[in-house]
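Structural overview for review
Below are the chains, spelled out letter by letter.
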Amino acid sequence: MDRELENLIFKLLEPGVFKTTAQLVEEFRAEYPRQWRRLEQEGEQLYGGSCGAYQQPATRIAQVLFNLAEEKRCRQSRRGKEHQWSAVSTGEQVHK
């Protein structure tokens, strides 16, 4: 599911439009309810009924965003404590 999850999250990113992690989590939940449920089920299997199970979808989405930034497939910026994400424009190079 990791590559599928990456592709779905990547589709939510737009060049020049920075979105917070929370915004992308909410967009993912609205756009891909079946995959959201699979992430919830994964959390339930890993953590039972604890708050970790509830946080699992958002945690996985954040992990994917950081991986995409590491692979230079998206741009990352930080404003205060919030991370923001944007797709890389065609022909643009992301520098670390």
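Keep in mind it's a predicted model, so treat the numbers as computed, not measured.

Reading the values: rules and limits
- Residues numbered from 1 in each chain as written.
- Predicted model: local features only at pLDDT ≥ 70, side-chain atom pairs only at ≥ 80, totals over all residues.
- Heavy atoms only, no water.
- Helix = DSSP H or I, 4+ residues; strand = E, 2+ residues; numbered from the N terminus.
- Rg over C-alpha atoms; globule rule 2.2 N^0.38 Å.
- Contact = heavy atoms within 4.5 Å.
- Areas by Shrake-Rupley, 256 points an atom, 1.4 Å probe, with all protein chains shown as cover.
- Salt bridge = Lys/Arg side-chain N within 4 Å of Asp/Glu carboxyl O.
- Buried < 20%, exposed > 50% of the residue type's maximum accessible area, 1.4 Å probe, protein only.
- Phe/Tyr/Trp six-rings, centres within 6.5 Å; stacked < 30°, edge-to-face > 60°.

Bringing the overall build of the protein into the picture now. In terms of helices and strands, the protein carries four helices and three strands. Each helix and strand of the protein, placed in order from N terminus to C terminus, yields the pattern α-β-α-α-α-β-β. Compactness check: the protein gives a C-alpha radius of gyration of 14 Å against a globular reference of 12 Å for 96 residues, within 12% of the reference. Dimensions of the protein, computed from C-alpha atoms along their principal axes, come out at roughly 45 × 30 × 20 Å. Expressed as a percentage of contacts within the protein between residues at least 6 apart in sequence, the contacts between residues at least 24 apart total 51%. Carbon and sulfur atoms make up 47% of the accessible area of the protein, which amounts to about 6200 Å² in all.

Two side chains of opposite charge can pair, provided their charged atoms sit close to one another. Summed over all chains, the structure comprises eleven salt bridges. Residues Lys19 and Glu14 are paired through a salt bridge, measuring 3.1 Å at the closest nitrogen-oxygen approach. Residue classification places Glu14 among the partly exposed residues on the basis of a relative accessible area of 36%. Where Glu40 meets Arg37, a salt bridge forms, and the shortest distance between an N and an O atom there is 3.1 Å. One end of the pair is Glu40 and the other is Arg37, both in helix H3 (residues 33-47) and three residues apart, which spans about a single turn. With relative accessibility at 26%, the residue Glu40 sits in the partly exposed group. Accessibility expressed as a relative area gives 35% for Arg37, which makes it partly exposed. Through salt bridges with shared partners, one network takes in Arg3, Glu6, Glu71 and Arg73.

Quick look at the packing of aromatic side chains now. Per the stated rule, a full pass over the model turns up three aromatic pairs. On the basis of an interplanar angle of 50° and a centroid distance of 6.5 Å, the ring pair of Phe28 and Trp36 is categorised as tilted. As far as the burial class goes, Phe28 and Trp36 line up, both buried. The interplanar angle of 90° and the centroid separation of 5.0 Å between the aromatic rings of Phe66 and Trp85 together place this pair among those described as edge-to-face. Placement of the pair is Phe66 in helix H4 (residues 51-70) and Trp85 in strand S3 (residues 82-87), with a sequence separation of 19 residues. You can call Phe66 partly exposed: its relative accessible area is 36%. Judged by relative accessible area, Trp85 falls into the buried class, the value being 0%.

Coordinates in, geometry out; function isn't part of it.
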